[in-house]
Amino acid sequence: MGFHLPVIRLASFIGNQAASKADVRKGYLAVYVGETQKNKKRFVIPISYLSKPSFQELLCQAEEEFGYDHPMGGLTIPCNEGIFVDRTSRLKRS
């Protein structure tokens, strides 16, 4: 058992901040984070985060809420932005 992601197109990278589509470099992934449709923010994260257990918890939340039908057109994680930033900053340090 595990979480399987659909194939996602990649372009180039900016960092763990809001960015445009052209700013997603190979090896990174853009995700949308927020609890409601109106307050979603786009982040660019390393693909290596996808294999981390703490990040997989967020992916499970996304799967439970959206399945594979993400309303923003990309991977959407339904959590508070502060929680997401805290969790990804811990991954960055490890």
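First, a word on what this report is: a plain description of the structure on this page. Along each chain, the written sequence defines residue order, and numbers are assigned to residues from 1. Side-chain atom pairs in this predicted model are given and counted only at pLDDT of 80 or more, local residue features only at pLDDT of at least 70, and totals for whole chains, interfaces and linings cover all residues. Excluded from the side-chain calculation are hydrogens and water; included are all heavy atoms of the structure.

1. A closer look at the packing of helix H1 (residues 53-66) against helix H2 (residues 81-93)
For step 1, the next point in the chain: Axis geometry follows a simple rule: fit a line to the C-alpha atoms, using only the stretch in contact for helices, then measure angles between N-to-C directions, giving values from 0 to 180 degrees. Runs of H or I in DSSP of at least four residues are treated as helices and runs of E of at least two as strands, each being numbered from the N terminus. Running from N to C, H1 and H2 point in directions that differ by 150 degrees, and their axes come no closer than 9 Å. The pairing of H1 with H2 is recorded here as roughly antiparallel in orientation. The chirality of how H1 crosses H2 is left-handed. Here H1 contributes Ser54, Phe55, Glu57 and Leu58 to the contact with H2, which in turn contributes Phe84, Arg87, Thr88 and Leu91.
For step 2, the next point in the chain: All residues other than Ala, Val, Leu, Ile, Met, Phe, Trp, Tyr, Cys, Pro, Asp, Glu, Lys and Arg, Gly among them, are scored as polar; the first ten of these are nonpolar and the last four charged. In the contact of H1 with H2, the residues fall into four nonpolar, two polar and two charged. Throughout this description, any angle smaller than 35 degrees is read as roughly parallel, any larger than 145 degrees as roughly antiparallel, any in the 65 to 115 degree range as roughly perpendicular, and the remainder as oblique. Crossings are classed by handedness, with left-handed meaning an anticlockwise turn of the near helix from the far one by less than a right angle and right-handed meaning a clockwise turn. Every residue pair with non-hydrogen atoms within 4.5 Å of one another is taken to be in contact.

2. Focus: the pairing of strand E1 (residues 28-33)
The two faces of the sheet receive side chains in turn, since in a regular strand these alternate between them.
For step 1, the next point in the chain: Of all six residues in E1, six are buried; the element is thus mostly enclosed.
For step 2, the next point in the chain: Alternating residues of E1 divide into Tyr28, Ala30 and Tyr32 and Leu29, Val31 and Val33, and every residue in both groups is buried.
For step 3, the next point in the chain: Sheet topology note: the E1/strand E2 (residues 41-46) ladder contains six bridges and is antiparallel. When the sheet's bridge partners are listed, Ala30 is paired in E2 with Val44.
For step 4, the next point in the chain: In this description, strands pair whenever DSSP reports at least two bridges between them. Across three bridges, E1 lies against strand E3 (residues 75-77) in parallel orientation. Looking at E3, one finds that Tyr32 is bridged to Thr76. Burial classes follow relative accessibility: with a 1.4 Å probe on protein chains only, a residue under 20% of its type's maximum area counts as buried, one over 50% as exposed, and anything between as partly exposed.

3. Structural notes on the sheet that holds E2
Backbone-to-backbone hydrogen bonds join strands into a sheet, with any given pair of strands oriented parallel or antiparallel.
For step 1, the next point in the chain: With mixed pairing, the three strands of this open sheet are ordered in space as E2-E1-E3. One side of each edge strand has no neighbouring strand; the edge strands of this open sheet are E2 and E3. Across this sheet, the average inter-strand angle for adjacent strands is 40 degrees, counted without regard to direction.

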